[in-house]
Amino acid sequence: MKNNNIGAGQLVLLLFVTRTFAVLTLSPDVASDISSISVLIGEFIAVPISFLLMLPVFMLFKKHPNTDITSLSIKGLGKGGYAVSIIYMLFFFAVLVSIVSEFVFFMLNAIFPDAEVLSVLIVFILAVVYAAKMGLSGVTRAACIVSFFLAVMLIAIFIAGIGKANFINLKPVSETSLYQLISAVILIVSKDVELIFLMFLCVNVKGNMVKSTAAYIFVSCAIMATTTFIGIAIFGDYVRQLEYPIFTLTSVLEFGFLQRIYAIEMMFWVVTAFFRATVCMIVLTHISSLIMPKKARQFSVWIIALLATICVLIVTYNVRSVNAPYRFGVRGIPTILVLTVIPAIVLISLRKKRGDVS
């Protein structure tokens, strides 16, 4: 990837910023049959599960450092490696469309209800393309600055939320079930695309991948569990009926001179969406460079942007068309495929290659 020289700490802060977008857009629509306490407990269980799912990745990069999964798949599987690259490209493209669609939906419903869909979409896509062309290093440095203010906002939400919390809303663990816990863990892990980002971003990052992954997973657990805890403590089971619980939560909180925390949260919603979409675009551009004809590679970012714009417009005007793919995605099958199954297959194929010392 272009300008991909960043430190391990910078990588964790970048992923902290991108992961926060998932926190701010957390919606219970696909988890209506999962109790709130199950989601809270599931966020802690998801920590060791994430490590287990990443084991093939750790083993792969321990033996083959400084090479990403798509390049290794081509080396180990030959022409089949190009099919793997296409799978990853489709996966990240779906993630990009999801991020941009979520951003456009929020902007048109919460901030600029009279704005045109196309104008908001084009401005956002152009900003993402510009940042992606600047390279990962510049994006990461900006994210490190944003991460400080983002952490301050999350701490402010926690402190202000504790004052309004009613701990009676925290139902006993005995009211949950094994099925709900498993469903909650699958939901949480399936939406953690940062784990897949790690497989591409850590290639030229200075530092230990396992330690970086551990740091990210614990940071992710902390922010997810904290915001879920505060949401349940204030709203109880009603939190499952809110379209965007965190936005609703900040709209009722005050913290000293910050009388309207939700206004600050709206700003961070835009910023975290921008960083998450940019990282996704950087990864997509890198993968496309492996499978696109040489003459088309220099235009890959614009081709991806155009296709994403078309897909987002389709999603915006026909939301029901993506219900089935979305529900399939949160079942965890795509995540397990790209995070565990494919790296395991690539690892085995490379071990069978002559001259690969185990």
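Residues numbered from 1 in each chain as written. Predicted model: local features only at pLDDT ≥ 70, side-chain atom pairs only at ≥ 80, totals over all residues. Heavy atoms only, no water.

Caption draft 1: Up close: the confidence of the model for the protein. Per-residue confidence for the protein averages 80 on the pLDDT scale, and 83% of its residues sit at or above 70. Within the protein, helix α5 (residues 117–134) carries the highest mean pLDDT (90), whereas helix α14 (residues 323–329) carries the lowest (52). (pLDDT = per-residue confidence, 0-100. Helix = DSSP H or I, 4+ residues; strand = E, 2+ residues; numbered from the N terminus.)

Caption draft 2: Expanded view of the packing of aromatic side chains. Enumeration over the complete set of coordinates arrives at 8 aromatic pairs. Between F92 and F197, the ring centres sit 5.7 Å apart and the planes meet at 5 degrees, which makes this aromatic pair stacked. Taken as a pair, F92 in helix α4 (residues 79–111) and F197 in helix α8 (residues 194–201) lie far apart in primary sequence, 105 residues in all. Residue class for F92 comes out buried when judged on its relative accessible area of 0%. With centroids separated by 5.2 Å and ring planes inclined at 80 degrees, the aromatic side chains of F148 and F149 adopt a geometry described as edge-to-face. Among the residues examined, F148 registers a relative accessible area of 54% and is labelled exposed. Judged by its relative accessible area of 47%, F149 is partly exposed. (Phe/Tyr/Trp six-rings, centres within 6.5 Å; stacked < 30°, edge-to-face > 60°. Buried < 20%, exposed > 50% of the residue type's maximum accessible area, 1.4 Å probe, protein only.)

Caption draft 3: Looking closely at the packing of α5 against helix α13 (residues 300–317). Here α5 crosses α13 at 150 degrees, and the two axes come no closer than 10 Å. Accordingly, the angle class assigned to the pair α5 and α13 is roughly antiparallel. Two packed elements cross with a definite hand, and for α5 against α13 that hand is right-handed. On α13, the residues that touch V117, L118, L121, I125, L126, V129 and K133 of α5 are V301, W302, A305, T309, V312, L313, T316 and Y317. For the contact of α5 with α13, the per-class residue count stands at 12 nonpolar, 2 polar and 1 charged. (Axes fitted to C-alpha atoms, helices over the stretch in contact; angles between N-to-C directions. Parallel < 35°, antiparallel > 145°, perpendicular 65-115°, else oblique. Left-handed = near helix turned anticlockwise from the far one by under 90°. Contact = heavy atoms within 4.5 Å. Nonpolar A, V, L, I, M, F, W, Y, C, P; charged D, E, K, R; others polar.)

Caption draft 4: Main features of the packing of α8 against helix α15 (residues 333–352). Running from amino to carboxyl end, α8 crosses α15 at an angle of 40 degrees, the nearest separation of the two axes being 9 Å. The angle between α8 and α15 falls in the class oblique. Taking contact as the criterion, the partners of L195, I196 and M199 in α8 are, on α15, T335, V338, L339 and P343. In terms of residue class, the contact of α8 with α15 is made up of 6 nonpolar, 1 polar and no charged.

Caption draft 5: How the structure looks around α5. End to end, α5 covers 26 Å across 18 residues, agreeing with the expected 26 Å (1.5 Å per residue, within 8%). The set of residues buried in α5 consists of V117, V120, L121, F124, I125, V128, V129, A131 and A132. Looking down the long axis of α5, one finds its buried residues gathered within 165 degrees of arc, a one-sided arrangement. The exposed set on the far side of α5, more than 90 degrees from its buried face, consists of V123 and Y130. G135 sits one or two positions beyond α5 and adopts a positive phi of about 100 degrees. (Expected span 1.5 Å × (residues − 1). Arc of directions from axis to C-beta.)

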